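One letter stands for each residue in the lines below.
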Amino acid sequence: NRPLTILGIETSCDETAAAVVRRPADGGTGEILSNIVFSQIEAHAPFGGVVPEIAARAHVEHLDGLISRALKEARLDWDDLDGIAATAGPGLIGGVIVGLMTAKGIAAARGLPLIAVNHLEGHALTARMTDALPFPYLLLLVSGGHSQLLVVEGVGRYRRLGTTIDDAVGEAFDKVAKLLGLGYPGGPALERAALEGDASRFALPRPLINRPGCDFSFSGLKTAVRQLAEGLGRPDDKDKADIAASFQCAVADVLASRTENAMAVANEMIRPGHRRLVVAGGVAANMMLRERLTVSAHAFGYEFVVPPLKLCTDNGAMIAWAGAERLALGLTDPIGTGPRARWPL
Ligand code: KG4
Ligand code: ZN
């Protein structure tokens, strides 16, 4: 058992990111020595969403420079590293290839272990880096590509209680923001618009609410928003704010209800006094959602844990940390490891 210093590389979507994280020998909280994120938002904004080809090219252009900066900010040299971790999936395959191949090159050249990290595991373990959270805990993972409720039993050990049967939560935010013309990325834009809105003006459906089970569904809600917007003809800013607020409230109701069902299930797996609900992924940045889930968690005797905002959205530190957790268990990957567009936890 010794401290592990890991370089983490994230390129699975529209953020190019590199970070250096140190995991202490005793496995306590991680120390983020550097965490540099280059957002490609400007390159994709004119298209209203991420263009995979543009993303892959931008990763190629920026990644080497970001890695040099990450090492420099950490005041470290290559020799100080114990391993290279990179997202190997799931995600946009062109971007994943760029990050993984870069990591392989460094690992081969420097004789360092390679850790091929599942991006979702990066989100899932972030709370252990920031809060030294012990296993097991209940995780609501809500990002642009994924929505899942999981019991995190250990590194690489996930018990899925529920998932989305259509759109991911972030995807629903992005699509609704786009159809309201609120801009890209949709989640933050919609949250901003909703601040000015009246959530009680429109009654939107809450798919699967008050039904047993922990799966989610958002496509019906999205369709209802489209019909509502079309019915208004040319919605003005007030209409848009009210729709945004109503939509956000419906999402919060659905997520809270499904998470409450998951807590009831997780009670069988997690002892009283050890019950924690962690929210991770980009949508965890949403303040209303956090407040809503905090109330649910406390009502069920769960402590509510959410990583700091900039560790909720995609970043290199979460990949470095997941790499460190895996390396500490001796879990490394062969240089022939392939990138995976799809890779369930
Ligand atoms: O985890 P993440 O950075 O990337 C993926 O792995 O997908 O999550 C990005 C998603 C996007 O759909 C974005 O719109 C959403 O998270 N998001 C938000 C907020 N900030 C980001 N959704 C709602 N409210 C926010 N404040
Ligand atoms: Zn993510």
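Residues numbered from 1 in each chain as written. Chains lettered and ligands numbered in written order. Predicted model: local features only at pLDDT ≥ 70, side-chain atom pairs only at ≥ 80, totals over all residues.

Break down the UniProt feature "binding site: substrate" (unreviewed entry) in the protein chain for me, with residues and values.
The residues that UniProt annotates with the feature "binding site: substrate" (unreviewed entry) are L141, V142, S143, G144, G145, D174, G187, E191 and N286. In this fold, G144 is placed in the loop between β6 (137–142) and β7 (147–154). For G144, the residues in contact, after removing those within four places along its chain, are C13, A168, G170, E171, D174 and G282. Discounting chain neighbours no more than four positions away, the residues touching G145 are P90 and A168. (UniProt positions renumbered as here; feature names shortened; annotations may be inferred. Helix = DSSP H or I, 4+ residues; strand = E, 2+ residues; numbered from the N terminus. Contact = placed C-beta atoms within 7 Å.)

So what's going on with the domain arrangement of the protein chain? Which residues, and what values?
Taken domain by domain, the protein chain consists of domain 1 (4–129 + 311–328) and domain 2 (135–309). On a C-alpha basis, the centres of domain 1 and domain 2 stand 26 Å from each other. Taken together, the 18 residues of domain 1 in the interface contact 23 residues of domain 2. For the side of domain 1 that touches domain 2, the elements supplying multiple residues, two or more each, are α1 (41–44), α4 (119–131), α10 (309–312) and α11 (316–328). The element that contributes the greatest number of residues to the side of domain 1 that touches domain 2 is α4, accounting for 5 residues. (Domains from an automatic or database assignment.)

Residues and numbers for the packing of helix α7 (residues 219–231) against helix α8 (residues 237–266), please.
Following both chains from N to C, one finds α7 and α8 inclined at 165 degrees, their axes separated by 11 Å at the closest point. In terms of orientation, α7 and α8 fall into the roughly antiparallel class. For the pair α7 and α8, the sense of crossing is right-handed. Where α7 abuts α8, its residues L221, V225, L228 and A229 lie against I243, F247 and A250. (Axes fitted to C-alpha atoms, helices over the stretch in contact; angles between N-to-C directions. Parallel < 35°, antiparallel > 145°, perpendicular 65-115°, else oblique. Left-handed = near helix turned anticlockwise from the far one by under 90°.)

Now, about the sheet that holds strand β5 (residues 114–118): what can you tell me, with residues and values included?
If you walk across this open sheet you meet the 5 strands as β3-β2-β1-β4-β5, and the pairing is mixed. With partners counted over all chains shown, the strands left at the sheet margins are β3 (31–39) and β5, one partner each. Averaged over all pairs of adjacent strands, the angle between strand axes in this sheet comes to 20 degrees, irrespective of strand direction. Pairing analysis gives 4 bridges linking strand β1 (residues 4–10) to strand β4 (residues 83–89), with the strands arranged parallel. Looking across to β4, one finds that I9 is bridged to A86. Of the strands in this sheet, β1, β2 (15–23) and β3 touch helix α2 (residues 52–73), which is tilted by about 25 degrees from β2. Contacting β1, β4 and β5, helix α3 (residues 93–110) runs over the sheet at an angle of about 155 degrees to β4. (Pairing = 2+ DSSP bridges.)

Could you give an account of the environment of E260, with specific residues and numbers?
Checked against the element boundaries, E260 lands in helix α8. On the basis of neighbour count, E260 is assigned to the partly exposed category, with 18 C-beta atoms found within 10 Å. Along the backbone, E260 and A341 are 81 residues apart, and their C-alpha atoms lie at a distance of 31 Å. Ignoring anything within four residues of it in the chain, the contact list for E260 reads S296 and F300. (Buried ≥ 20, exposed ≤ 12 C-beta atoms within 10 Å, placed from the backbone.)

Give a description of the UniProt feature "binding site: Fe cation" (unreviewed entry) in the protein chain that names residues and reports values.
The feature "binding site: Fe cation" (unreviewed entry), as annotated in UniProt, sits at H119, H123 and D314 in this numbering. The largest pairwise C-alpha distance within this set of annotated residues, which runs over 196 residues, is 8.9 Å, so the set is compact in three dimensions. Secondary-structure assignment places H119 in helix α4. Since 28 C-beta atoms lie within 10 Å of it, H119 is described here as buried.

Outline the packing of α4 against α11, listing residues and values.
A packed helix pair is summarised by two numbers, namely the angle formed by the two axes and the spacing between the axes. As a packed pair, α4 and α11 sit with axes 8 Å apart at the nearest point and diverge in direction by 80 degrees. One way to sum up the angle between α4 and α11 is to call them roughly perpendicular. Packed against α4, whose contacting residues are E121, G122, H123, L125, T126 and M129, the element α11 presents M318, I319, W321, A322 and E325 at the interface. Taken together, the residues of the contact of α4 with α11 sort by class into 6 nonpolar, 3 polar and 2 charged. (Nonpolar A, V, L, I, M, F, W, Y, C, P; charged D, E, K, R; others polar.)

Please set out the sheet that holds strand β8 (residues 157–163) residue by residue, giving values where relevant.
Strand pairing in a sheet takes place through backbone hydrogen bonds and is either antiparallel or parallel in direction. Taken in spatial order, the 5 strands line up as β8-β7-β6-β9-β10 in an open sheet, and their pairing is mixed. Bordering the open sheet on either side are β8 and β10 (303–305), each of which pairs with just one other strand. Shown here is a sheet whose adjacent strand axes are inclined to one another by a mean of 25 degrees, direction ignored. One ladder, built from 6 bridges, connects β7 with β8; its direction is antiparallel. Residue pairing in the sheet places V152 in a bridge with Y158 of β8. Relative to strand β9 (residues 276–280), α4 is tilted by about 125 degrees, and along the sheet it contacts β6, β7, β8, β9 and β10.

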